[in-house]
Amino acid sequence: MSDRSGIEWTDASWPVTVGCDHVSPGCDHCYAATLASGRLKTTPPYVGLAEGGTFNGVVRCLPDRLDWPLRWRRPRRIFVCSMSDLFHASVGEDFIAEVFAVMALAGRHTFQVLTKRHARMRSLLDSDRFRLKVYNAAHARAHQTRGFPDASVPWPLPNVWCGVSGEDQRWADLRIPVLLDTPAAVRWISAEPLLGPV
């Protein structure tokens, strides 16, 4: 998990948060929970997050991973929070703003953000207050690294794809209209696992 990915629709993963909890039937056989309770269970960031292939609700933000995309020089598609959900209630708004600030600074990459928490995503991305937090975080980080040539932060970020899971018709009907109402340069839908017709 980092500069390479076995997921066919992305090039790299950025697990800047880890852990989650069950929110809908699409979570029943979560690959991330299976990994966290399997081969990663003794790796420090993942200890105690899951058991028997199920997350227990503990979520950890990993600020030491925030700069990973800034270190990757070759442009790539990056799956954000591949081992969690960026918009989980346990992830603070300021930390989410830091993630978006890094994405603003790393314009050479395309970031793929996928959530089952569609309402929180829309609420934050539609908020001028959140946008200001992203702007301030981007400028603070750029000042530290001397790497931000532009004084503006375009909104929505042109290199960020915002997506929702739609595992069956019920959840597609709930999440897709909210996604369509969410400020995003690109919107996408994941039907993995596809549990019924959509």
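As a reminder, the structure under discussion sits directly above these lines.
Since this is a predicted model, take the numbers as computed values, not measurements.

## So, the pattern of salt bridges
Here comes step 1: On inspection of all chains with the given rule, the structure shows ten salt bridges.
Here comes step 2: Across the salt bridge formed by Arg122 and Asp181, the nearest N and O atoms sit 3.3 Å from each other. Here Arg122, found in helix H4 (residues 118-125), pairs with Asp181, found in the loop between helix H6 (169-180) and strand E10 (186-190); they are 59 residues apart in sequence, far enough to count as distant.
Here comes step 3: Of the residues examined, Arg122 reaches a relative accessible area of 28% and is grouped as partly exposed.
Here comes step 4: Residues joined in a network through salt bridges with shared partners are Glu93, Asp94, Arg129 and Lys133.

## As for the sheet that holds strand E2 (residues 17-19)
Here comes step 1: Taken together, three strands build an open sheet; the order of strands is E5-E2-E7 and the sheet is mixed. Among the strands making up the open sheet, the edge pair consists of strand E5 (60-61) and strand E7 (83-84).
Here comes step 2: Where E2 meets E5, two bridges bridge the pair, whose relative direction is antiparallel. Its bridge partner being in E5, Val18 is matched across the sheet by Arg60.

## Focus on the environment of Leu125
Here comes step 1: On the secondary structure map, Leu125 appears in helix H4.
Here comes step 2: Residues Leu125 and Pro183 lie 58 residues apart in sequence; the distance between their C-alpha atoms is 6.1 Å.
Here comes step 3: Beyond its immediate chain neighbours, meaning those up to four positions away, Leu125 contacts Phe100, Phe130, Trp155, Cys162, Thr182 and Pro183.

## Some details on the environment of Leu194
Here comes step 1: Mapped onto the secondary structure, Leu194 falls in the segment after E10.
Here comes step 2: For the pair Leu194 and Gly166, spaced 28 residues apart in sequence, the C-alpha to C-alpha distance is 7.7 Å.

## With respect to the sheet that holds strand E6 (residues 77-80)
Here comes step 1: Overall, parallel pairing links the five strands, which are arranged E1-E6-E8-E9-E10 in an open sheet. Only two strands of the sheet have a single partner each, and these edge strands are strand E1 (12-14) and E10. Across the sheet, the axes of successive neighbouring strands diverge by a mean angle of 30°, strand direction being ignored.
Here comes step 2: Inspection of the sheet shows E6 paired to strand E8 (residues 110-115) by four bridges, in the parallel sense. Paired with Phe79 across the strands is Gln112, a residue of E8.
Here comes step 3: The sheet strands contacting helix H3 (residues 93-105) are E1, E6, E8 and strand E9 (160-165), and the helix crosses E1 at an angle near 145°.
Here comes step 4: Where H4 meets the sheet, its contacts fall on E8 and E9, and the angle it forms with E9 comes to roughly 150°.

Conventions used here
- Residues numbered from 1 in each chain as written.
- Predicted model: local features only at pLDDT ≥ 70, side-chain atom pairs only at ≥ 80, totals over all residues.
- Heavy atoms only, no water.
- Salt bridge = Lys/Arg side-chain N within 4 Å of Asp/Glu carboxyl O.
- Helix = DSSP H or I, 4+ residues; strand = E, 2+ residues; numbered from the N terminus.
- Buried < 20%, exposed > 50% of the residue type's maximum accessible area, 1.4 Å probe, protein only.
- Pairing = 2+ DSSP bridges.
- Contact = heavy atoms within 4.5 Å.
- Axes fitted to C-alpha atoms, helices over the stretch in contact; angles between N-to-C directions.

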